[in-house]
Amino acid sequence: MKNQKIYHTLCFVFLIGILVIFLMLSIYSGSIKYSPEKITEVLFGNCSDNSLARIVKEIRIPRATASAVLGGALAVSGFLLQVFFSNPIAGPFVLGISSGAKLAVAMTMIFFLEKGLILNSAGIMLSSFIGSMISTGFILAVAGRVRKSSSLIVSGIMIGYICSAITDFAVTFADDSNIVNLHNWSMGSFSGIDSGDIKVISATVFPVLALTMIMSKQIGAYRLGETYAGSLGINIKLFRVMLVLLSSILSATVTAFAGPVSFVGIAIPHIIRGILKTSKPSLIIPASFLGGASFCLMCDLIARTIFAPNELSIGSVTAVFGAPAVIFIMLRRKKTEV
């Protein structure tokens with residue numbers, strides 16, 4: 001028992017260390033190269049170069065912070081969906097929840113742009129949440145009619161394709177010069193996020209994360225079966241509603257500010273379980289957040305530097321690393337699962 005605690009402590013130290021390393025790399029790296037000494041001066045408030053100070057403080061730091069917080073949120077969202085559906089392949093992107101949020105945000109933004117208005121952060125988050133809940137409702141309806149989890153996943157993928165197709169049609173035929181920004185957002189990116197957005201993101205993600213941690217014991221009991229959880233006095237209906245609600249808020253926040261980001265919610269919780277060698281929610285939840293944060297920082301760093309000054313969509317990079325992990329998970333599943 002003592003050795004296990006020491007091992008878990010070392011794992012968290014490792015995850016925090018990796019997070020700090022990628023966070024620093026994200027701040028010190030970019031399409032415009034500056035010496036590490038100059039950037040260090042900015043961080044400590046000793047830099048006289050105003051243009052460099054603006055780049056670091058107004059672009060790089062907010063972007064790196066958003067990558068970390070939203071990446072962690074997406075990983076925790078995926079974990080909650082896997083608990084809810086008792087399916088290791090469940091995730092916001094695969095089940096079409098992110099695509100539903102993307103569609104709702106796109107339609108709302110187009111409507112506002114045609115009226116000559118700009119949708120603020122609150123409006124984007126609200127429309128994203130509504131889209132997430134609608135997609136989740138469809139998934140729940142399908143879940144009640146199919147027995148095989150593979151059928152559920154296929155249904156989610158189809159819902160995602162439908163939502164993405166409608167979004168693409170809407171973006172293509174929208175009459176507004178600002179629609180270019182919407183197209184870039186729909187591809188997935190952490191760029192353009194400022195310090196004001198960080199406040200909104202933090203005020204949404206961290207309370208939900210805290211509430212998820214409070215529910216960790218209930219989540220652990222639920223994973224052992226609804227009957228067992230009910231015998232402990234857990235209100236199963238309310239608990240299931242809370243799982244969907246919390247997961248939808250997290251995935252909607254990510255989609256609202258960064259667009260659709262794929263495979264993070266599926267791959268990271270499984271990788272974390274493999275590292276920690278446990279399924280205890282009180283450990284998996286914070287570790288998944290740290291893992292998702294580090295993963296998205298790494299992917300965002302690659303997206304904006306490998307072909308600089310051109311930038312890749314974050315979803316493309318996360319897919320390169322996340323898709324093989326999902327294939328590996330599927331290959332490890334029981335042979336009776338088709």
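The rules we used
- Residues numbered from 1 in each chain as written.
- Predicted model: local features only at pLDDT ≥ 70, side-chain atom pairs only at ≥ 80, totals over all residues.
- Heavy atoms only, no water.
- Helix = DSSP H or I, 4+ residues; strand = E, 2+ residues; numbered from the N terminus.
- Rg over C-alpha atoms; globule rule 2.2 N^0.38 Å.
- Buried < 20%, exposed > 50% of the residue type's maximum accessible area, 1.4 Å probe, protein only.
- Areas by Shrake-Rupley, 256 points an atom, 1.4 Å probe, with all protein chains shown as cover.
- Expected span 1.5 Å × (residues − 1).
- Contact = heavy atoms within 4.5 Å.
- Axes fitted to C-alpha atoms, helices over the stretch in contact; angles between N-to-C directions.
- Parallel < 35°, antiparallel > 145°, perpendicular 65-115°, else oblique.
- Left-handed = near helix turned anticlockwise from the far one by under 90°.
- Nonpolar A, V, L, I, M, F, W, Y, C, P; charged D, E, K, R; others polar.

Undergrad: Honestly, the overall build of the protein in this entry has me stumped. Any pointers?
TA: When its secondary structure is counted, the protein shows 14 helices and 0 strands. Shown N-terminal to C-terminal, the secondary structure of the protein runs as helices and strands in the order α-α-α-α-α-α-α-α-α-α-α-α-α-α. Computed over its C-alpha atoms, the radius of gyration of the protein comes to 20 Å, within 12% of the 20 Å expected for a compact globule of 338 residues. For the protein, the C-alpha atoms occupy an extent of roughly 65 × 55 × 35 Å along the three principal directions. Residues counted as buried form 50% of the 338 residues belonging to the protein. Working note: accessible area of the protein is about 16,600 Å², and carbon and sulfur atoms make up 66% of it.

Undergrad: Explanation requested: helix 12 (residues 264-276) in the structure shown.
TA: Residues lying three or four places apart along an α-helix face the same way, a consequence of the helix completing one turn every 3.6 residues. In a regular helix each residue adds 1.5 Å, so 13 residues correspond to 18 Å; helix 12 covers 18 Å between its end C-alpha atoms and thus fits that length. Buried residues dominate helix 12, accounting for 10 of its 13 residues. Those residues of helix 12 lying buried are Val264, Gly265, Ile266, Ala267, Ile268, Pro269, His270, Ile272, Arg273 and Leu276.

Undergrad: What is the right way to look at the side chain of histidine 8 in this model?
TA: Inspection of the secondary structure assignment puts histidine 8 in helix 1 (residues 2-28). Aside from chain neighbours lying at most four places away, what touches histidine 8 is Leu276, Thr278 and Leu283.

Undergrad: I'm lost on the environment of phenylalanine 79 in this one. Help?
TA: Here phenylalanine 79 is to be found in helix 3 (residues 50-85). Classification of phenylalanine 79 by relative accessible area gives buried; the value is 1%. Residues phenylalanine 79 and glycine 91, 12 residues apart in the sequence, show an inter-C-alpha distance of 7.6 Å. Not counting residues up to four positions away in its chain, the partners in contact with phenylalanine 79 are Ile219, Arg223, Gly265, Pro269, Arg273, Pro281, Ile284 and Ile285.

Undergrad: Can you walk me through the packing of helix 12 against helix 13 (residues 281-305) in this structure?
TA: Two quantities define a packed helix pair, namely the angle between the axes and the distance from one axis to the other. Remark: helix 12 packs on helix 13, axes separated minimally by 9 Å, with the N-to-C direction vectors making an angle of 120 degrees. Taken together, helix 12 and helix 13 sit at an angle that is classed as oblique. Between helix 12 and helix 13 lies a crossing whose hand is right-handed. In contact with Val264, Ile268, Pro269, Ile272, Arg273 and Leu276 of helix 12, helix 13 contributes Leu283, Ile284, Ala287, Ser288, Gly291, Gly292, Phe295 and Cys296. Split by residue class, the contact of helix 12 with helix 13 holds 10 nonpolar, 3 polar and 1 charged.

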